[in-house]
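Chain by chain, the residues run as shown.
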Amino acid sequence: MLQKSRSNLTITDCRAVETYMDPIELSIVEPKGISRRQEPFELGVPLGKGVLTDSTLDNLSLASHCREIPFQHAPIAYWPDGSIRWLKLTFITDIAANESLKLRLRQQESETIQKAKGLKLEDSGDGWLIETATGCFQISKKELAWHYSPSCESNDGSPIQHLIRLTNSQSLECTPETETGWRITEQGPLKATLSTEGFWICQGEKLARFYCDLTFYHDSPLADLKVGIHNPRRARHPGGLWDLGDEGSITFGSLWLEILDTEAEKSQLIVEPGREPIKPGSEECALLYQDSSGGKNWDSLNHVDASGTVSTQFCGYRVTLNDRTEGHGKRACPLAMLNSENRS
């Protein structure tokens, strides 16, 4: 890279551009040995006081080795003078296994910046329709569920259903009741997030609150899901002790995401990068169970339950196929796949 600066003109081997702030060098490292394709990234960039304002955001560009990368930005904190203190960046790119990616964030003339193409959101009345470059998502406003199809216009094939489910401590399934319905909480050309919240109802009573965020990306088939449950009841903390099992506590059985694909012909489970995939047959059930952290203190007295008992049984995880142990390890980083002839 040939770089020579004078006044506010920077000359590189890409082209001459007028700059308004010092370029910010960013580095992303892939540590898991997985080759990433069309991977969404999101990071925060700290900025000095007075360096960047809302009015100059459109002049920002992001590049790697002189290749412009479409991105989306959003200020998340400001200095007292109104300039931006922290800026959130969202972009999609490739990175090879165990490699690093160098990026440069800078200001330049807006006419030379590659703009991200927009994904489409449509309010259908009782739900949302989200169209990306790789498929179509449909969300009912009052349910913790959504459907995916390769196209919004084609009726070929059955949509893939996704449902969030919860059981109580007696293994009885609870029903989600949304308070707000799904609403847009972030929207841009590259990424959009819809959020909802409400209560899980079990046996006619409110068990816990829930919140859920669903994020979609224009150039990726990936959908990010963040879901949590919250106990709004006050704990007593007798004697100032924060022990488990307080009378304000709640217990539940399981919280999980269920994916239903009627056209799926095969399934695979990769427990960790580098491990051979487990391929259950049509009548087999693969189960991955992480019992403890997998660290040297996996059976520490810190891991007690409400009865004061250390509940961990063994170090790390085990994976079984129809109750037959297929493998074990310290810390799982799983990838589950459903495959059919036309999609995966």
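Look up a bit, the structure's there.
Keep in mind the model is a prediction, meaning the values are calculated, not measured. (Residues numbered from 1 in each chain as written. Predicted model: local features only at pLDDT ≥ 70, side-chain atom pairs only at ≥ 80, totals over all residues. Heavy atoms only, no water.)

Q: Give me the lowdown on the overall build of the protein, citing residues and values where you can.
A: Check the secondary structure of the protein and you find 0 helices and 26 strands. Buried positions account for 35% of the 344 residues belonging to the protein. For the protein, restricting intrachain contacts to residue pairs at least 6 apart in sequence, the fraction spanning at least 24 positions comes to 59%. Here the protein displays about 20,600 Å² of accessible surface, and carbon together with sulfur accounts for 48% of that area. (Helix = DSSP H or I, 4+ residues; strand = E, 2+ residues; numbered from the N terminus. Buried < 20%, exposed > 50% of the residue type's maximum accessible area, 1.4 Å probe, protein only. Contact = heavy atoms within 4.5 Å. Areas by Shrake-Rupley, 256 points an atom, 1.4 Å probe, with all protein chains shown as cover.)

Q: How would you sum up the pairing of strand β25 (residues 324–329)? Please name residues and give values.
A: Looking along a regular strand, one sees the side chains alternate between the two faces of the sheet. Alignment of strand β24 (residues 317–321) against β25, held across 5 bridges, turns out to be antiparallel. Within β25, the position partnered with Y317 by the bridge is G329. Taking the residues between adjacent antiparallel strands as the criterion, β24 and β25 are bridged by 2 residues, where N322 takes a positive phi near 50°. (Pairing = 2+ DSSP bridges.)

Q: So what's going on with the packing of aromatic side chains? Residues and values would help.
A: Scanning the entire structure with this criterion turns up 5 aromatic pairs. When the ring of F137 is compared with that of F216, the centres are 4.6 Å apart and the planes differ by 50°; the resulting orientation is tilted. Taken together, the residues span a long stretch of sequence, with F137 in strand β13 (residues 136–140) and F216 in strand β19 (residues 205–217) at a distance of 79 residues. Residue F137 is classed as buried on the basis of its relative accessible area, which comes to 3%. Residue class for F216 comes out buried when judged on its relative accessible area of 0%. Summarising the aromatic geometry, the rings of Y289 and F314 are spaced 6.0 Å apart at their centres and angled 70° between planes, so their arrangement reads as edge-to-face. Taken together, the positions of Y289 in strand β23 (residues 286–290) and F314 in the loop between β23 and β24 put the pair 25 residues apart, joining distant regions of the chain. Exposure remark for Y289: the relative accessible area of 37% places this residue in the partly exposed category. Pairwise contacts between aromatic rings join F137, Y148 and F216 into one cluster. (Phe/Tyr/Trp six-rings, centres within 6.5 Å; stacked < 30°, edge-to-face > 60°.)

Q: Explain the sheet that holds strand β4 (residues 24–29) to me, and be specific about the residues and the numbers.
A: As summarised here, the arrangement of the 4 strands in space is β4-β10-β6-β7, forming an open sheet in which the pairing is antiparallel. Of all the strands in the sheet, just β4 and β7 (67–68) have a single pairing partner and so form its edges.

Q: Break down the state of the cysteines for me, with residues and values.
A: Under the criterion given, the structure shown has 1 disulfide. Across a sulfur-sulfur distance of 1.5 Å, C174 and C202 are joined as a disulfide pair. Between C174 and C202, the disulfide has an S-S torsion of 95° and is therefore right-handed. Taken together, the residues span a long stretch of sequence, with C174 in the loop between β15 (160–168) and β16 (175–178) and C202 in strand β18 (residues 191–202) at a distance of 28 residues. (Disulfide = S-S within 2.5 Å.)

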